[in-house]
Amino acid sequence: MSITTRFAPSPTGYLHIGGARTALFSWLLAKNKGGHFLLRVEDTDRERSTTEATDAIIEAMAWLDLAAEGTAVFQSQRFDLYNSYIDKLLASGHAYWCGCTPDEVEAMREKARAEGKKPKYDGRCRDLGQGPGAGRVVRFKGPQDGVTAFHDMVKGPTAVQNAEMDDMILRRSDGSPTYNLAVVVDDHEMGVTHVLRGDDHVANTPRQILLYQAFGWSVPEFGHVPMILGPDKAKLSKRHGALSVMEYKNMGYLPEALVNYLARLGWSHGDQEIFSREELVQLFGTGNLGNSPSVFDIKKLEWLNAHYIKEAAPERLAALLPDFIAAAGATDGLKLDPAYLASIVPLLQPRAKTLVEMADMARLFLVDAASLAYDEKAVTDQLKPESRALLTDLLPIYEAPADYADHKALEAATQAFLDERGLKFKAVAQPLRVALTGKTASPGLFETMCVLGKAESLARIKRALAL
RNA sequence: GUCCCCAUCGUCUAGCCUGGUCCAGGACGACGGCCUUUCACGCCGUUAACAGGGGUUCAAAUCCCCUUGGGGACGCCA
């Protein structure tokens, strides 16, 4: 039997790390079973929901390659549907009209709290048999004793005393449906068989099960994933840094790195750390989900990102790079030809942890000799008279080849020159590096020369000698 | 306050269900070394945990109880 899962964010902000992980797990669960993954936008709160947020969430899911099937369901467009189901509950005696004002209900809660009890609505309108009216809401007539139990896919057997739950509101006084009602109606209508969601929804699950039972519908499987914490072990929030998935994109993380990281945060498969998308789909199961909260560790994400940067095709990275180069500064006069960028990338892949870093390192390749920035200290330390003399003598060696296609040949020629003079490689390495790159740290000398090309390399050495 | 959940290295986790193979394994980080033309990469090594206390048992990280600590939920938000 095929399964159906869904991701149901409320569009009140961007897709954050926690939501992305929930979406990923739901997507993975569906794909692992060859099932369906749907998207539902929970925008019943018209005050806080925005279309910008909806678009941003869909964009982020697309970036992570977690696209849902078909078109998204918007709860704001289904109020008639929800109301028709509320009417059914009213008709079957599972719901009733309540005229208590918010203030009155708050007073009941205060009273319960004062008595050391759980704050809840006291059910005084339950059996009044009231009809609709201004300011009235519809409440669920839940069982007042007994237990509602279910088997959580991640937490195992779970049970809640029905007395713990008060009669939740199904329909607000303005006629709009509330979360629990809408979720149950939609999950049923959409054919959702497996609900994987954040831990903060555990308390809603028994309420929703009660609704399924009142409707006479079959209850889906539920699973609650523990939350993601910040380094201080408090719920991950903005003060811990970036929360939005797209901020990670802007910080130069690759989507597969974020996906791999998120997958391993709360889920495991033995000792394996690196997972391709295919492996994730094949191996994922709720049985391997942990049941304690996990701390978000940017260092490990960085490590995974460095790994995926090393593995990525240079052309792909080269295509991504211009945006990061532009974000770092003016691009006037920079050499941004795709093929040229793709030739630089392999030198940077083992060195960059993010695309932001890569863009920064790439900069010295993008300018011409005349506008290359030379680090002052590097010049005074490395371009001393004897080094300059050496570089001057080396010039003819580098003039010789028709073009720079083979970095090994350049290296061999350099080595031969040094052997002849009885010098060590170290004698030229740093001076040459500073002459070519303006810095004391760079990719390999001869690889760099090959990427820069003969004319540019020579121009740089000459300019350095004239400094 | 009431109810619920959680608890292995600094962090992510394996092991726990089906006690012995665990003086607890892997990974990130940190530290040290090797490699080396710099910086990285890579490789090698070191560091570091069963929250505490009681049981049960020949034997407990694994089962039970209590304590402590952490988290969550209690809305005409989702």
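The sections below set out a description of the structure shown in this document.

1. Some details on the layout of surface pockets
Considering only enclosed or pocket space, the largest pocket measures out at about 1100 Å³ in volume. As for the largest pocket, its lining consists of 41 residues, of which Ser 10, His 16, Gly 19, Asp 200 and His 201 are closest to the centre. Only β1 (4–7), α1 (17–32) and β9 (194–198) provide two or more residues apiece to the lining of the largest pocket. The leading source of residues in the lining of the largest pocket is α1, at five residues. Split by residue class, the lining of the largest pocket holds 14 nonpolar, 15 polar and 12 charged.

2. What about the packing of aromatic side chains?
Per the stated rule, a full pass over the model turns up 13 aromatic pairs. With centroids separated by 5.2 Å and ring planes inclined at 80 degrees, the aromatic side chains of Tyr 261 and Phe 296 adopt a geometry described as edge-to-face. Of this pair, Tyr 261 sits in helix α8 (residues 255–264) while Phe 296 sits in the loop between β12 (294–295) and α10 (298–311), placing them 35 residues apart in sequence. According to the relative accessible area criterion, Tyr 261 is buried, its value standing at 4%.

3. Quick word on the sheet that holds strand β3 (residues 73–74)
A sheet is described by the order of its strands in space; here three strands give the open sequence β1-β2-β3, paired in parallel fashion. With partners counted over all chains shown, the strands left at the sheet margins are β1 and β3, one partner each. Two strands pair when backbone bridges link them, and β1 and strand β2 (residues 36–41) are joined in this way by four bridges, in the parallel orientation. Note on β2: the bridge partner recorded for Thr 5 is Phe 37. Seen against the sheet, helix α2 (residues 51–63) touches β1, β2 and β3 and runs at an angle of roughly 160 degrees to β2.

4. With respect to the nonpolar core
Grouped together as the largest cluster of nonpolar side chains are 103 residues, with contacts concentrated most on Val 245, Leu 258, Phe 296, Met 358, Phe 365 and Tyr 398. Looking at this core, the element that brings in the most residues is α1, giving nine residues. Among the nonpolar cores identified, the runner-up in size contains 30 residues, and Phe 79, Tyr 85, Leu 89 and Leu 170 belong to it.

5. Regarding the protein's contact with RNA strand B
In the vicinity of RNA strand B lie 55 residues, with Arg 109, Arg 172, Gly 266, Arg 351 and Arg 433 positioned nearest. Those atoms of RNA strand B that come within 4 Å of the protein belong to sugar or phosphate at a rate of 70%. Between RNA strand B and Gly 266 there is a distance of 2.4 Å, counted from a phosphate oxygen to a backbone nitrogen or oxygen. Here a base oxygen of RNA strand B and a backbone polar atom of Gly 444 are 3.5 Å apart. Going through the elements one at a time, α4 (102–114), β12, α10 and α17 (426–437) are the ones with two or more residues in the surface near RNA strand B. Residue classes in the surface near RNA strand B are distributed as 17 nonpolar, 16 polar and 22 charged.

6. Details of the pattern of salt bridges
On inspection of all chains with the given rule, the structure shows 25 salt bridges. Between Arg 40 and Asp 186 there is a salt bridge, and its shortest N-O distance comes to 3.7 Å. Here Arg 40, found in strand β2, pairs with Asp 186, found in helix α5 (residues 179–189); they are 146 residues apart in sequence, far enough to count as distant. In this structure, Arg 40 and Asp 186 share a single accessibility class: buried. Linking Glu 273 and Arg 264 is a salt bridge whose minimum nitrogen-to-oxygen distance equals 3.2 Å. Taken together, the shared-partner salt bridges connect Arg 6, Arg 40, Glu 42, Arg 78, Asp 186 and Asp 187 into one network.

7. Let's talk about α10
Taking 1.5 Å as the rise per residue, α10 with 14 residues should run 20 Å; its terminal C-alpha atoms sit 20 Å apart, in good agreement. If you check which residues of α10 are buried, you get Leu 301, Glu 302, Leu 304, Asn 305, Ala 306, Tyr 308 and Ile 309. In this fold, the buried residues of α10 make contact with α7 (245–250), α8, α11 (314–328) and α13 (355–366).

About the cut-offs
Residues numbered from 1 in each chain as written. Chains lettered and ligands numbered in written order. Predicted model: local features only at pLDDT ≥ 70, side-chain atom pairs only at ≥ 80, totals over all residues. Heavy atoms only, no water. 1 Å grid on protein atoms, 1.4 Å probe; cavity = no way out; pocket = protein on both sides within 12 Å on 5 of 7 lines; lining within 4 Å. Points joined across faces, edges and corners; volume = space filled by probe spheres on them. Helix = DSSP H or I, 4+ residues; strand = E, 2+ residues; numbered from the N terminus. Nonpolar A, V, L, I, M, F, W, Y, C, P; charged D, E, K, R; others polar. Phe/Tyr/Trp six-rings, centres within 6.5 Å; stacked < 30°, edge-to-face > 60°. Buried < 20%, exposed > 50% of the residue type's maximum accessible area, 1.4 Å probe, protein only. Pairing = 2+ DSSP bridges. Contact = heavy atoms within 4.5 Å. Axes fitted to C-alpha atoms, helices over the stretch in contact; angles between N-to-C directions. Core = buried A, V, L, I, M, F, W, Y, C linked by side-chain atoms within 4.5 Å. Near = heavy atom within 4 Å. Polar contact = N/O pair within 3.5 Å; in protein donor to acceptor, adjacent residues only side chain to side chain. Salt bridge = Lys/Arg side-chain N within 4 Å of Asp/Glu carboxyl O. Expected span 1.5 Å × (residues − 1).

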